[in-house]
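Listed below are the residues making up each chain.
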2 protein chains.
Amino acid sequence: MNTQLEAALAVSTVIFALRPDPEAGLSTLWLPLVRRTREPYLGQWALPGGGLPADEELAGAAARALRETTGLTPKYLEQLYTFGDPARSPGGRVVSVVYWALVESGEAALAVEDENVRWFPADHLPPLAFDHNRIVEYALWRLRTKVEYSRIAHAFLGEIFTLAQLRAVHEAVLQKALDPANFRRTIESSGTVVDTGQRVAGVPHRPPRLYRYNDSVHATAPGALEPAIG
Amino acid sequence: MNTQLEAALAVSTVIFALRPDPEAGLSTLWLPLVRRTREPYLGQWALPGGGLPADEELAGAAARALRETTGLTPKYLEQLYTFGDPARSPGGRVVSVVYWALVESGEAALAVEDENVRWFPADHLPPLAFDHNRIVEYALWRLRTKVEYSRIAHAFLGEIFTLAQLRAVHEAVLQKALDPANFRRTIESSGTVVDTGQRVAGVPHRPPRLYRYNDSVHATAPGALEPAIG
DNA sequence: GCAAAAGTGTTTAAACTACACCCATGC
DNA sequence: GCATGGGTGTAGTTTAAACACTTTTGC
C-alpha cells in the first residue's frame, strides 16, 4: 500500500421526503440518515453515500446510495455542491460530491428503517458526522429557494394530484400558509400542470379537479445539465 | 504502479473578463485558455486547471490555476459544477470540480499571453479539449443568469465606478441595451452601491457621480458557502 | 449655443396580495 | 340546512418598462 497523496472521492445524497409530523399537524420535511459503522464518527448519523465505482456516473452513485439505504427511487435528483475542505474528514482527505433528491411522499412511508437507517425531521437533526449538518442546511436552503421559482414540488406527489395537495407541499416546504386563490392562479398561469378532467369523489365538499404534471415545460440550464432526474 | 480503480480528481476554472471587441464596438466577454502539452488532446485549447494538491482547498486550487496562467487575481470566485461522466476523458476517468471566476477589466489588459496561453471571445470558441465547450456554455449561462439578480457585475470594475460603467458591464454580459433611467433606479434601490460624493471631472457633459460597492449587503446561501471570493 | 451624457419625472402595464363571495358535495 | 373546502371575482398595492424632459459640463 502506498501513501495516499490524492484525496479520496465520495458521493453522498441528501434525501428529502414529506412526512406527517406527530408534533405539528401538517407534514414536514424528513430525511433518512445512516449510522456510521466505523471510525471516524463511529456510531454517529451521517448522509448516505460512499466511494465512487470506476465506471459509475456521479448521479448514478447518488441514486444508488438512495436506493440502497431506503429502497426508494428518487423523483428528482440534482447535484448540490462539492465539499473538499482538507480538514473536513479526520481520517484523511475526502472530497464529497453531494446530490440532493426528492422522493414521493406516499412511497416514502414504505421506506426501510432499521437499527442503522432512520428518518429525522430535517429541521431538527442531531449532531451528524463530518460537516454533514452544514451540508443539510445548504440543501434545505436550495430546496426552499427552488420551490418558489421552479416546479420541483411535483416530485413529492404522485402522477395526479389536486391543487390543494400541491399547495400543501409548498406550505410544508416553505413553512408558511399560502392563499389558495392566488396559488391556483399562479400555478395555472405557469402552465406546469394540466387538468386531467377527473375529479376526486367522496369528499364532503365540492369535488376538486385532478391535475397532471406537464413535462413539456422546461427552461433550465443549457445542455440538460441539471437536474439529473426530474 | 497499481491499476487505477478510482477516478482522478482535477480542478479547473472558467475565467471571465471584459475586453473591447475589435469586431463590435462594445466590450464583450473573453476568457483565457491554455494549450494542452500532452495527450489526450495534445495541442488543443483547454480550461486552466490541474490536479488537486493534498492540502489545498478546492477554491484555492481554482484561484491558483487562474494566477498561474494569467498572472491575475480573481475578484469573484464560485464553484460551478462537478463533471464526472466516466467517458469524458479518453485517457482514464477524471472527475473535475470546476469553478468560475471574474477578473477586473483593467487588470485583465495586463494579463500574460504567450504561445500556450491565449484569450478568446467567450461566445466564439474553437473546439476545446474534453467536454470543455459544454462547461464554458454552462458557465456563461450561470454568469448571465446571476448578473440579473445578484451584484457580481462589480467584480469587473475597480473600487469606484460610475453607474454608466456598471450599466456597460450589464449590457456587455447580457448583450442587450438597458434603459439608463430604470437601471439607475433599480441599482439605487437595491442598496448595493454607495455614493462616494466624488465625481468624474473633465468629461464633455454633466460629471457623473462615483459609487463604491456596498459590502454590507449580502443575502446569499447560509454558512457563507458561496461564493469563495466576492 | 450645441452636443452629449447625467439624472428626474410621469405614464402605463403587468404582477402580486388580500379578501369577499359563490359553488358543490356529504351528512 | 349546515359545514367544508373548491373555485371565481375584484380592488389595492407594488414592480417594471417606456419615454419625455431637465441638468451640467466641454467646446
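Per an unreviewed UniProt entry, the recorded name for chain A is NUDIX domain-containing protein, and the organism is Cryobacterium sinapicolor.

(A) Molecular detail of the interface of chain A and chain B. With 33 residues of chain A in contact, the opposing surface of chain B contributes 33 residues. When the two sides are added together, the surface that chain A and chain B hide from each other amounts to roughly 2,800 Å², 57% of it contributed by carbon and sulfur. The largest share of the area that chain A buries against chain B comes from Tyr81, Arg93 and Leu225 of chain A, three residues that together contribute 20% of it. Counting the contacts that link chain A with chain B gives 0 salt bridges. Summed over the shared surface of chain A and chain B, the result is 9 residue pairs in polar contact (both at pLDDT 80 or more). Listing elements by their share of the side of chain A that touches chain B, those giving two or more residues are strand E1 (8–20), strand E5 (76–83), strand E6 (94–102) and helix H3 (132–149) of chain A.

(B) Spatial organisation of the sheet that holds strand E8 (residues 160–161) of chain A. All names here are of chain A. A sheet is described by the order of its strands in space; here 3 strands give the open sequence E8-E10-E9, paired in antiparallel fashion. Single-partner strands in this sheet number two, and they are E8 and strand E9 (193–199). Pairing analysis gives 2 bridges linking E8 to strand E10 (residues 209–213), with the strands arranged antiparallel. For Phe161, the partnering residue across the bridge sits in E10 and is Tyr211.

(C) Spatial organisation of the protein's contact with DNA strand D. Around DNA strand D, a shell composed of 20 residues is seen, among which Arg184 and His205 of chain A together with Asn182, His205 and Arg206 of chain B lie nearest. Backbone atoms, meaning sugar plus phosphate, form 53% of the atoms of DNA strand D positioned within 4 Å of the protein. Here a base nitrogen of DNA strand D sits 3.3 Å away from a polar atom, N or O, in the side chain of Arg185 of chain B. One of the backbone nitrogen or oxygen atoms of Pro204 of chain B is found 3.2 Å away from a base oxygen of DNA strand D. Listed by contribution, the elements that provide at least two residues to the surface near DNA strand D are helix H4 (163–174) and helix H5 (180–190) of chain A together with helix H5 (180–190) of chain B.

(D) Summary view of the relation of the copies chain A and chain B. Aligned on chain B, chain A shows an RMSD of 0.1 Å; the corresponding rotation is 180° and the shift along the axis is 0.1 Å. Here the copies are linked by what is in effect a two-fold axis. In this assembly, 100% of the residues forming the interface of chain A have copies in chain B that are likewise at the interface, indicating an isologous arrangement.

(E) Examining the pairing of strand E2 (residues 27–35) of chain B more closely. Residues and elements named next belong to chain B. Relative to E2, strand E1 (residues 8–20) runs antiparallel, the two being bridged by 4 bridges. Following the sheet pairing, Ala17 is matched in E2 by Trp30. Pairing analysis gives 5 bridges linking E2 to strand E7 (residues 117–121), with the strands arranged antiparallel. Along E7, the bridge assignment pairs Val34 with Val117. Where E2 meets strand E3 (residues 45–46), 2 bridges bridge the pair, whose relative direction is antiparallel. Across the sheet, Arg35 pairs through a bridge with Trp45, a residue of E3.

(F) Structural context of the packing of aromatic side chains. Residues and elements named next belong to chain A. Summed over all chains, the structure comprises 12 aromatic pairs over all chains. In this structure an aromatic cluster arises from ring pairing among Tyr81, Phe83, Tyr138 and Trp141. Stacked on the ring of Trp119, the Lys or Arg Arg19 has its end atom at 4.4 Å from the ring centre.

(G) Representation of the protein's contact with DNA strand C in the model. Contacts to DNA strand C come from 19 residues, most closely from Asn182 and His205 of chain A together with Ala164, Arg184 and Arg185 of chain B. Within 4 Å of the protein, atoms of DNA strand C come from sugar and phosphate in 58% of cases. Within the contact set of DNA strand C, a base nitrogen lies 2.9 Å away from a side-chain nitrogen or oxygen of Asn182 of chain A. Arg185 of chain B places a polar side-chain atom, nitrogen or oxygen, 2.9 Å from a base oxygen of DNA strand C. Elements that contribute at least two residues to the surface near DNA strand C include exactly H5 of chain A together with helix H4 (163–174) and H5 of chain B.

(H) Spatial organisation of H4 of chain B. Residue and element names in this part refer to chain B. Its 12 residues give H4 an end-to-end C-alpha distance of 16 Å, which sits within 8% of 16 Å, the value for a rise of 1.5 Å per residue. Here H4 lies mainly inside the structure; 9 of its 12 residues are buried. Among the residues of H4, those classed as buried are Leu163, Leu166, Arg167, Val169, His170, Glu171, Ala172, Val173 and Leu174. Of the residues flanking the end of H4, it is Gln175, one or two places downstream, whose phi is positive at about 60°.

(I) A look at the nonpolar core. Counting residues in hydrophobic clusters, the biggest one holds 130 residues, and the most contacted among them are Val14, Phe16 and Leu143 of chain A together with Val14 and Phe16 of chain B. Both domain 1 (8–148) and domain 2 (152–213) of chain B contribute no fewer than three residues apiece to this core.

(J) Here's a closer look at unusual backbone geometry. Residue and element names in this part refer to chain A. Cis geometry is adopted by the peptide bond preceding Pro40, which originates at Glu39 and carries an omega value of -5°. Relative to the helices and strands, Pro40 is located in the loop between strand E2 (27–35) and strand E3 (45–46). One non-glycine residue with positive phi stands out, namely Tyr41, at about 65°. Along the chain, Tyr41 falls in the loop between E2 and E3. By relative accessible area, which is 27% here, Tyr41 ends up partly exposed. Positive phi values are uncommon outside glycine, yet Phe130 reaches one of about 50°. Among the structural elements, Phe130 can be located in the loop between strand E7 (117–121) and H3.

(K) Quick peek at the pairing of E6 of chain A. Residues and elements named next belong to chain A. Most of E6 sits out of view: 8 of its 9 residues are buried. Bridge analysis of E1 against E6 gives 9 bridges, and the strand direction is parallel. Looking across to E6, one finds that Leu9 is bridged to Val95. Summarising the sheet, E5 and E6 pair through 7 bridges and their orientation is antiparallel. Within E6, the residue paired with Glu78 across the bridge is Trp100.

Criteria and cut-off values
Residues numbered from 1 in each chain as written. Chains lettered and ligands numbered in written order. Predicted model: local features only at pLDDT ≥ 70, side-chain atom pairs only at ≥ 80, totals over all residues. Heavy atoms only, no water. Contact = heavy atoms within 4.5 Å. Buried area = accessible area lost by both parts, 1.4 Å probe. Salt bridge = Lys/Arg side-chain N within 4 Å of Asp/Glu carboxyl O. Polar contact = N/O pair within 3.5 Å; in protein donor to acceptor, adjacent residues only side chain to side chain. Helix = DSSP H or I, 4+ residues; strand = E, 2+ residues; numbered from the N terminus. Pairing = 2+ DSSP bridges. Near = heavy atom within 4 Å. Least-squares fit on C-alpha atoms with pLDDT ≥ 70 in both. Phe/Tyr/Trp six-rings, centres within 6.5 Å; stacked < 30°, edge-to-face > 60°. Lys NZ or Arg CZ within 6 Å of the ring centre and 35° of its normal. Expected span 1.5 Å × (residues − 1). Buried < 20%, exposed > 50% of the residue type's maximum accessible area, 1.4 Å probe, protein only. Core = buried A, V, L, I, M, F, W, Y, C linked by side-chain atoms within 4.5 Å. Domains from an automatic or database assignment.

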